[in-house]
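Structural description and commentary
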Amino acid sequence: MDATKRKALEAAGWKVGDAADFLEMSDEERQLLDARVKLALAIRQQRESRQLSQKELGARLKTSQPRVAKIERAAADVSLDQLVRAFTAVG
């Protein structure tokens with residue numbers, strides 16, 4: 001959001017924040033979420049740089065392509081352990 005629009009909204013009494021503010025996340029929860037997202041992005045970048053498909057990475061992890069897609073999105077039902085295993089498997 002550009003600064004002018006932000007200032008106008010705040011002057012009108014609106015509070016500007018992000019999703020973590022809306023969800024009232026603690027600093028620890030924000031850090032964990034940031035780590036999960038960064039790890040998921042790193043998995044995708046590594047997979048693409050090694051020219052692996054999601055299906056091929058799934059085979060390395062003994063899981064399905066849709067599960068790899070969830071891992072790369074850091075979906076809520078993907079554990080931190082699964083993210084780390086995927087990162088290790090992709091190299």
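Preceding this section is the structure that the text describes.
To start, this report covers the structure provided alongside it.

Among all positions in helix α4 (residues 54-61), only Gln-54, Leu-57, Gly-58 and Leu-61 are buried. On an axial view of α4, the arc spanned by its buried residues comes to 105°, and they lie on one face. When the buried face of α4 is taken as reference, the exposed residues oriented beyond 90 degrees from it are Lys-55 and Ala-59. Remark: Lys-62 follows α4 within two positions and exhibits a positive phi of approximately 60°.

Soluble globular proteins: nonpolar side chains tend toward being buried together. Of all hydrophobic cores here, the largest spans 14 residues; its most connected members are Ile-43, Leu-57, Leu-61, Ile-71, Val-78, Leu-83 and Ala-86. Secondary structure elements with two or more residues in this core: α3 (27-49), α4, α5 (65-73) and α6 (80-90). In this view, Leu-61 contacts Val-68, Ile-71, Arg-85, Ala-86 and Ala-89; residues no more than four positions away in its chain are not counted.

The rules we used
Residues numbered from 1 in each chain as written. Predicted model: local features only at pLDDT ≥ 70, side-chain atom pairs only at ≥ 80, totals over all residues. Heavy atoms only, no water. Buried < 20%, exposed > 50% of the residue type's maximum accessible area, 1.4 Å probe, protein only. Helix = DSSP H or I, 4+ residues; strand = E, 2+ residues; numbered from the N terminus. Arc of directions from axis to C-beta. Core = buried A, V, L, I, M, F, W, Y, C linked by side-chain atoms within 4.5 Å. Contact = heavy atoms within 4.5 Å.

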